[in-house]
Amino acid sequence: MARGRSSFKMGTVEMLVLYLLEKKDLYGYQLTSLIREISGGDVDVQESTLYPTVYKLREKGYLSEREVIVGKRRLRVYYHLEDPGRERLAVLLDDYRQITRGIQRILECDTLPEEQGK
C-alpha cells in the first residue's frame with residue numbers, strides 16, 4: 001500500500017485491524033506483521049499508522065486492551081474486539097464489498113453506456 005494517510009487507507013486499516021481482532025486478541029506488532037504476512041507483502045501498515053487507528057478505535061469503545069508482562073520487565077498491550085467493534089466491522093465490510101464490486105464493474109467496462117437525455 002502506498003505511504004500516506006489518505007482517508008481510504010485509514011478506513012482500510014481500521015477494517016483490517018477489526019477483522020484480525022475478531023479472530024483473536026493481538027498486540028500491535030502482531031497486527032502489523034499479520035497484515036504484511038497475510039497480504040503477501042502487498043499491504044504494509046507502519047506503526048505510525050496503526051497506533052493512531054487503534055487509539056481511535058479504543059476511544060470509540062470498539063476495542064479494549066489488557067496489559068501482559070512478558071519476561072521480567074516488558075509490558076505488552078493486547079487489544080480485544082468489543083461488541084460495538086463487531087458491529088462497526090460489519091458496516092465496514094458491507095461498504096468495502098459494495099465499493100469493490102462497483103470498482104470491478106467499472107474496470108471491466110469495455111464501452112460506455114449511451115448518455116441519457118441528449
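Sequence order sets the numbering: in each chain, residues are counted from 1 along the sequence as written. Where local features are concerned, this predicted model is filtered to residues with pLDDT of at least 70; where side-chain atom pairs are given and counted, the filter is 80 or more; whole-chain, interface and lining totals use all residues. Where side-chain values are given, they derive from all heavy atoms of the structure, hydrogens and water being excluded.

In the nomenclature of an unreviewed UniProt entry, the protein chain is known as PadR family transcriptional regulator of Hornefia butyriciproducens.

When its secondary structure is counted, the protein chain shows four helices and three strands. Exposure classes here rest on a 1.4 Å probe applied to the protein chains alone. A residue is buried below 20% of its type maximum, exposed above 50%, and partly exposed in between. For the protein chain, the proportion of its 118 residues judged to be buried stands at 30%. Whether two residues are in contact is decided by their heavy atoms, any of which lying within 4.5 Å being enough. The contacts of the protein chain with a sequence gap of at least 6 include a subset with a gap of at least 24, amounting to 52%. Per element, the accessible surface of the protein chain, about 8,500 Å² overall, is 51% carbon and sulfur. Put simply, DSSP H or I for four residues or longer makes a helix, DSSP E for two residues or longer makes a strand, and each gets a number counted from the N terminus. Surface accessibility follows the Shrake-Rupley procedure with a 1.4 Å probe radius. Residue values consider only the protein chains on display as shielding.

Below, the discussion takes up the pairing of strand β2 (residues 63-70). Two faces, one strand: in a regular strand the side chains alternate between the faces of the sheet. Both β2 and strand β3 (residues 74-81) contribute to a ladder of eight bridges, which runs antiparallel. Paired with E67 across the two strands is V77, which belongs to β3. Any two strands are treated as partners once DSSP identifies two or more bridges connecting them. Remark: three residues form the turn of the hairpin made by β2 and β3, two consecutive strands paired antiparallel; G71 in that turn has positive phi of roughly 70 degrees.

Attention now goes to a nonpolar patch on the surface. Nonpolar side chains collect at one region of the surface, where Y96, I99, I103 and L107 lie side by side and expose about 400 Å² of accessible area between them. One can find I103 in helix α4 (residues 83-107). Assessed through its relative accessible area of 41%, I103 is described here as partly exposed. Grouping into patches uses exposed residues only, defined as over 30% relative accessible area, and leaves out salt-bridged ones; the cut-off is 9 Å for like charges and 5 Å for nonpolar side chains (Val, Leu, Ile, Met, Phe, Trp, Tyr). Salt bridges are identified by distance alone: a Lys or Arg side-chain nitrogen within 4 Å of an Asp or Glu carboxyl oxygen.

Below, the discussion takes up the nonpolar core. Think of a nonpolar core as a cluster: buried Ala, Val, Leu, Ile, Met, Phe, Trp, Tyr and Cys residues, connected wherever their side-chain atoms sit within 4.5 Å. Judged by nonpolar contacts, the single largest core of 21 residues is most densely connected at V17, L18, L21, L31 and L63. Secondary-structure elements contributing two or more residues to this core are α1 (7-23), α2 (28-38), α3 (47-59), β3 and α4. Sorting elements by how many residues they give to this core places α1 first, with six residues. Not counting residues up to four positions away in its chain, the partners in contact with L21 are L26, L31, L63, Y79 and L81.

The next point concerns the pattern of salt bridges. One side chain can pair with another of opposite charge once the charged atoms of both are near each other. Tallied over the entire structure, the rule returns six salt bridges. The partner of E14 in a salt bridge is R88, with the nearest N and O atoms 2.8 Å apart. Taken together, the positions of E14 in helix α1 and R88 in helix α4 put the pair 74 residues apart, joining distant regions of the chain. R58 is paired through a salt bridge with E65; the nearest N and O atoms lie 2.8 Å apart. Look at R58 and you get partly exposed, because its relative accessible area is 31%. Among the ionic contacts, a cluster of salt bridges with common partners joins E14, K56 and R88.

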